[in-house]
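Fold and contact review
Below are the chains, spelled out letter by letter.
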Amino acid sequence: MSASLDRDDAVVAAEWLRRTRPADWRNPAPSARYDLCIVGAGPAGSTAAVHAARQGLRVALVERRQLGGNSLNWGSVPSKTLINAARSGAELPAVLSRLRRVRSHIAEHHSIERLQALGIDVFLDQAHFVGTHALRVGAVTLCFRKALIATGARPAPADIPGLADIGFRTSETIFDLAALPRRLGVIGGGALGCELAQAFAALGSKVTILQRQPKFLPGIERDAAEILSRALARDGVETRLNTAVLAARTADGSRVLDVANNELRFPIAVDEVLLSVGRVPNVEDLELDAAGVLRDPTVGVHTDDFLQTTNPDVYAAGDVCMRHQFANVAEATARMAVQNAFAGARERCSELLIPRCAYCNPEIAQIGLHSWQARERGIPIKSYTVFMADVDRAITDDRTEGFVKLYVREGTDGIVGATIVAARASEMINELSVIMNAKIGMRRLADILHTYPAQSCAIQLAARAFVRNQPIIPFEGGLQTV
Ligand SMILES: Cc1cc2nc3c(=O)[nH]c(=O)nc-3n(C[C@H](O)[C@H](O)[C@H](O)COP(=O)(O)OP(=O)(O)OC[C@H]3O[C@@H](n4cnc5c(N)ncnc54)[C@H](O)[C@@H]3O)c2cc1C
């Protein structure tokens, strides 16, 4: 059994490499000049390359690691596979084996063959700028009319004395574990930390999650964060809020994290540490000065609303320049940058409506404004909440945790934001994305047929509550987020 699994795993690993970084790869001889040179082949870079090539542009795509970037290889794809498999009760070796299979399968969408078939010149090497219209890639220079920086981000380091000495994992190495850690310490209570803490608890690890701030997922509404805290505890995760890690050491064969919660100081013994305290943009190796591209102190590359850098012929997209670091944002900004660079478009990234989700159990999804953001902008809102415990499908499925909350601009029926905490919130939020983009108001939503029973009936119930409360509305507000 294990021999055949080993053989299968080896075949799968070879297929993944063949698609994302073939061992015998030789870079092509470069064209005299490219219309578009792209640095980084994650969701942003690959999307831009495909979009530009389909418009007949001469494109070079440069990647120093694996095609598909973080999302395919160390991010969304492996993490969602692990979460799903862990919930189904599988054991770690089976989960990791499935993860590699899934990653290799999806790698086909990003494969070198697919890019070559579109006429894209792929260079597997490190790139840096050597002028305003030139990149150095290995031994060759690529000249371009326009360039796109799509170099993404990497796990942020933490200034914790002793941590490097005892060794720790990040999202880039956690999926390579050989065995399930008996005790796992997760430093950081953002989406990645919470998702993986819950998944490893489901696999059987004793997980402790340490969050310096007073709530998990600091960017979400308080009532959603409270449900998440309860869900983590329910799933056996030891949750430590307002807790900072002061130092790390080894003692009696264990890794030990010395932590502080207000005045209280105490040690936590673990077998593995997952560090998940944010992500930093990859800009250091790019020699941005040579291209006249300014860095931004908070996001990596300074861009304007049209994704143009301080060099008008160099654009940026994805994690390297966006506050919202998600694959869907990377793809959308990449397409936008190509449109703005070549089609004379003036698409603004501030106009993007971004549905986003933390894949915890239950899932927590959001779109548009939070209540406090509406307050800060002086937008008067009313909220309409439906609890999943009142939704028939949630009851039939015994998944009654959570709620749907819609924020509506007062005096209109236009939705300006929403938070959903529910099983499959990641799917439900897409209905709101369509509704808000199509400027459909609460009155129409209340009458649009939904299947029965369905989780998304909760969204319609919220709209019906709105109609009951405000039977006469003079006009449909549509999308009013700014
Ligand atoms: C564990 C985890 C789970 C996640 N889950 C989700 C999720 O569920 N949903 C979601 O939307 N997002 C998720 N994300 C975020 C998502 O992966 C990123 O937002 C997305 O990958 C960003 O795409 P990108 O193209 O901007 O950058 P990346 O995917 O990081 O790609 C950038 C590429 O540029 C290459 N590169 C960098 N510098 C150079 C250079 N000088 N020369 C050549 N190449 C270079 C890198 O090697 C890399 O391959 C997750 C992230 C992590 C870590």
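Model, not experiment: these values are computed from the prediction.

Concerning the pairing of strand β9 (residues 206-210)
Where burial is concerned, most of β9 is hidden: 4 out of the 5 residues are buried. Bridge count for strand β8 (residues 183-187) against β9 is 5 bridges, and the pairing is parallel. Considered in β9, the bridge of R183 is made with K206. Viewed along the sheet, the connection from β9 through helix α9 (residues 222-234) into strand β10 (residues 238-240) turns out right-handed.

Observations concerning the domain arrangement of the protein chain
Split into domains, the protein chain comes out as domain 1 (3-155 + 280-351), domain 2 (163-277) and domain 3 (362-481). The distance between the C-alpha centroids of domain 2 and domain 3 comes to 33 Å. At the junction of the two partners, domain 2 supplies 10 residues and domain 3 supplies 13 residues. A per-residue breakdown of the area domain 2 buries against domain 3 is headed by E221, D223 and I227, which together make up 52% of the total.

Observations concerning the site of the ligand
By nearness alone, 38 residues border the ligand, and A44, E63, N70, K80 and A327 come closest of all. Within the side chain of E63, an N or O atom sits 2.6 Å from an oxygen atom of the ligand. Within the side chain of D319, a nitrogen or oxygen atom sits 2.9 Å from an oxygen atom of the ligand. Contact with the protein chains covers 95% of the free accessible surface of the ligand, which is 1000 Å². Only α2 (43-54), β2 (59-63), α3 (69-73), α4 (76-87) and α11 (327-342) provide two or more residues apiece to the shell around the ligand. Classifying every residue of the shell around the ligand gives 15 nonpolar, 16 polar and 7 charged.

Digging into helix α8 (residues 191-203)
Along its 13 residues, α8 runs 18 Å from first to last C-alpha, staying within 8% of the 18 Å computed at 1.5 Å per residue. After α8 finishes, the residue G204 shows a positive phi value of roughly 120°.

Looking at the packing of aromatic side chains
Applying the stated criterion across every chain yields a total of 3 aromatic pairs. Between F129 and F144, the aromatic rings sit 6.2 Å apart at their centres with planes inclined by 75°, giving edge-to-face as the arrangement. Pair noted here: F129 is in strand β4 (residues 127-131) and F144 is in strand β6 (residues 140-149), with a separation of 15 residues, a long-range link. Here F129 falls in the buried class, since its relative accessible area comes to 1%. Take F144: its relative accessible area is 1%, and that puts it in the buried class.

Some points on the sheet that holds strand β17 (residues 356-358)
The strand order β17-β18-β21-β20-β19 describes an open sheet built from 5 strands, whose pairing is antiparallel. If you trace the sheet from one side to the other, it starts and ends with β17 and β19 (381-387), each paired once. When the angles between neighbouring strand axes are averaged without regard to direction, this sheet yields 10°. Pairing geometry for strand β18 (residues 363-368) and strand β21 (residues 415-422), over 6 bridges, is antiparallel. Residue G368 lies in a different strand from β21, and its bridge partner there is G417. The sheet strands contacting helix α16 (residues 457-469) are β19, β20 (403-409) and β21, and the helix crosses β19 at an angle near 130°.

With respect to the sheet that holds β10
The parallel open sheet is built from 4 strands, whose spatial order is β10-β9-β8-β14. The open sheet has two free edges, formed respectively by β10 and β14 (272-275), since each of these has just one partner strand. Between one strand axis and the next, the sheet turns through 15° on average, direction left out of account. The sheet strands contacting α8 are β8, β9 and β14, and the helix crosses β9 at an angle near 165°.

Observations regarding the nonpolar core
I38, F129, L142, L148, I149 and V301 are the most contacted members of the largest nonpolar core, which has 58 residues in total. Of all the elements, α11 adds the most residues to this core, at 8 residues. Apart from residues lying up to four places away in sequence, I38 is in contact with G45, A48, A49, V59, A60, L61, V62, L148 and A150. Judged by nonpolar contacts, the second largest core, of 37 residues, contains V186, L196, I209 and A225.

Quick notes on the packing of α4 against α8
At a minimum axis distance of 8 Å, the contact between α4 and α8 shows a crossing angle of 35°. Considering only the axes of α4 and α8, their crossing is left-handed. Along its contact with α4, which presents S79, K80, L82, I83 and A86, the element α8 presents E195, L196, A199, F200, A202 and L203. Partitioning the contact of α4 with α8 into residue classes produces 8 nonpolar, 1 polar and 2 charged.

Side note on the pattern of salt bridges
Two side chains with opposite charge may pair up if their charged atoms get near one another. Taken as a whole, this structure holds 24 salt bridges when the rule is applied. Salt bridges sharing partners connect three or more residues here, namely D9, R100 and R101.

Quick word on the environment of L67
Its place among the elements puts L67 in the loop between β2 and α3. With 27 residues separating them along the chain, L67 and G40 place their C-alpha atoms 8.2 Å apart. If sequence neighbours within four positions are ignored, L67 has contacts with R19, T20, A41, L72, N73, H110, S111, I112, L115, V122 and L124.

A few points about the packing of α4 against helix α5 (residues 92-107)
Across the interface, α4 lies against α5 with an axial gap of 9 Å and an inter-helix angle of 140°. Our classification of the angle between α4 and α5 gives oblique. Taken as a pair, α4 and α5 cross one another with a handedness that is right-handed. Only V95, L96, R98, L99, V102, R103 and I106 of α5 make contact with α4, whose side of the interface consists of V77, P78, T81, L82, N84, A85 and A86. Tallied by class, residues from the contact of α4 with α5 come to 10 nonpolar, 2 polar and 2 charged.

The rules behind the values
Residues numbered from 1 in each chain as written. Predicted model: local features only at pLDDT ≥ 70, side-chain atom pairs only at ≥ 80, totals over all residues. Heavy atoms only, no water. Buried < 20%, exposed > 50% of the residue type's maximum accessible area, 1.4 Å probe, protein only. Helix = DSSP H or I, 4+ residues; strand = E, 2+ residues; numbered from the N terminus. Pairing = 2+ DSSP bridges. Right-handed = clockwise from strand over helix to strand, strands pointing away. Domains from an automatic or database assignment. Contact = heavy atoms within 4.5 Å. Buried area = accessible area lost by both parts, 1.4 Å probe. Near = heavy atom within 4 Å. Polar contact = N/O pair within 3.5 Å; in protein donor to acceptor, adjacent residues only side chain to side chain. Areas by Shrake-Rupley, 256 points an atom, 1.4 Å probe, with all protein chains shown as cover. Nonpolar A, V, L, I, M, F, W, Y, C, P; charged D, E, K, R; others polar. Expected span 1.5 Å × (residues − 1). Phe/Tyr/Trp six-rings, centres within 6.5 Å; stacked < 30°, edge-to-face > 60°. Axes fitted to C-alpha atoms, helices over the stretch in contact; angles between N-to-C directions. Core = buried A, V, L, I, M, F, W, Y, C linked by side-chain atoms within 4.5 Å. Left-handed = near helix turned anticlockwise from the far one by under 90°. Salt bridge = Lys/Arg side-chain N within 4 Å of Asp/Glu carboxyl O. Parallel < 35°, antiparallel > 145°, perpendicular 65-115°, else oblique.

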